[in-house]
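Structure assessment
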Number of protein chains: 2
Amino acid sequence: MERGDDRLKIKLQLCCGDEIAMGPGKAELLEAIGREGSISAAGRALGMSYRRAWLLVDAMNRCWDQPLVETAPGGKHGGGARVSQLGQSVLAQYRALQADVWVASQGEPLAALGAALRKAPRGSQNES
Amino acid sequence: MERGDDRLKIKLQLCCGDEIAMGPGKAELLEAIGREGSISAAGRALGMSYRRAWLLVDAMNRCWDQPLVETAPGGKHGGGARVSQLGQSVLAQYRALQADVWVASQGEPLAALGAALRKAPRGSQNES
């Protein structure tokens, strides 16, 4: 995930071998496919090329027991796409994991770090 | 942080304006400076160019109330460097934050995700 009070960013990735099975970008794409009903429209909505969206879907579909995105017959470009039942479940669990982690981050260590962190960085020294 | 049971990676970044004040790479560099006693030796130990190590130290030093790394007189290349008291404290709190978050990640959502995640990805379809 990437989530912030400005100051803390937390990124969660689930890996399957060398592939990233789920992460902030894939979760966002999955949600967009659910809304838009096609990979190309979802990609467009996120400012992502069709090729990039397709590659993310392909990676997701290869990493889980069942595909997370089901494409309708009619060709990859022409047909629609939907989030499978497993896809909906994976998305919900990923969001729940993000929430658990976020709650746990809001404790003493973050308060101590926040107290010493400047609002804005000082100007850079010249390196030379 | 980046930490894993292979499958979950969690990356924590603390931001100060547009700069990253602390993250996995900076924490590792800080620890290496503590061990090695100089920025250049620490960079070498991590396979990082001197310039890159210096830029990370510069960013860290500009983001907190006090510098995290103190350089000894004698020139940036020649002199030694040490982790300041604040640097040691920030590092300890960052590691504590990582630990809290890691513990919180090991719950039901991760178990559910892990149950549906393949050990290795299926082979890729051909895109064309």
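Quick summary incoming for the structure in this document. The shown structure was predicted, so the numbers you read here are calculated from the model rather than taken from an experiment. (Residues numbered from 1 in each chain as written. Chains lettered and ligands numbered in written order. Predicted model: local features only at pLDDT ≥ 70, side-chain atom pairs only at ≥ 80, totals over all residues. Heavy atoms only, no water.)

Moving on, we come to the sheet that holds strand β1 (residues 8-16) of chain A. Ordered by their spatial adjacency, four strands build an open sheet running β2(A)-β1(A)-β1(B)-β2(B), and the pairing between neighbours is antiparallel. The open sheet has two free edges, formed respectively by β2 (19-22) of chain A together with β2 (19-22) of chain B, since each of these has just one partner strand. Averaged over all pairs of adjacent strands, the angle between strand axes in this sheet comes to 50 degrees, irrespective of strand direction. When β1(A) meets β2(A), the two strands line up antiparallel, connected through three bridges. (Pairing = 2+ DSSP bridges. Helix = DSSP H or I, 4+ residues; strand = E, 2+ residues; numbered from the N terminus. Axes fitted to C-alpha atoms, helices over the stretch in contact; angles between N-to-C directions.)

What follows is about the interface of chain B and chain A. Counting residues at the interface gives 52 residues for chain B, matched by 53 residues for chain A. Note on chain B versus chain A: buried area summed over both sides is about 4600 Å², and carbon and sulfur give 59% of it. Between the two partners, chain B and chain A, sit zero salt bridges. If you look at where chain B meets chain A, you find 17 residue pairs in polar contact (both at pLDDT 80 or more). Those elements giving two or more residues to the side of chain B that touches chain A turn out to be β1 (8-16), β2, α3 (50-63), α4 (85-105) and α5 (108-116) of chain B. Its residues assigned to classes, the side of chain B that touches chain A comprises 26 nonpolar, 11 polar and 15 charged. Where β1(A) lies against β1(B), seven bridges are found, and the strand directions are antiparallel. In the strand pairing of β1(B), K9(A) is matched with Q13(B). (Contact = heavy atoms within 4.5 Å. Buried area = accessible area lost by both parts, 1.4 Å probe. Salt bridge = Lys/Arg side-chain N within 4 Å of Asp/Glu carboxyl O. Polar contact = N/O pair within 3.5 Å; in protein donor to acceptor, adjacent residues only side chain to side chain. Nonpolar A, V, L, I, M, F, W, Y, C, P; charged D, E, K, R; others polar.)

Between chain B and chain A, which share one sequence, the superposing operator has a rotation angle of 180 degrees and an axial displacement of 0.0 Å; the RMSD is 0.0 Å. Given the turn and translation reported, the copies of this chain are related as if by a two-fold rotation axis. (Least-squares fit on C-alpha atoms with pLDDT ≥ 70 in both.)

So, on to the packing of helix α4 (residues 85-105) of chain A against α5(B). Two measures define how a pair of helices packs: the angle their axes make with one another and the distance between the axes. With their axes 8 Å apart at the nearest point, α4(A) and α5(B) run at an angle of 145 degrees to one another. Two packed elements cross with a definite hand, and for α4(A) against α5(B) that hand is left-handed. Along the contact surface, α4(A) presents L86(A), V90(A), Q93(A), Y94(A), A96(A), L97(A) and D100(A), while α5(B) presents P109(B), L110(B), A112(B), L113(B) and A116(B). Of the residues belonging to the contact of α4(A) with α5(B), the class tally is 10 nonpolar, one polar and one charged. (Left-handed = near helix turned anticlockwise from the far one by under 90°.)

The analysis is restricted to geometry; functional conclusions fall outside its scope.
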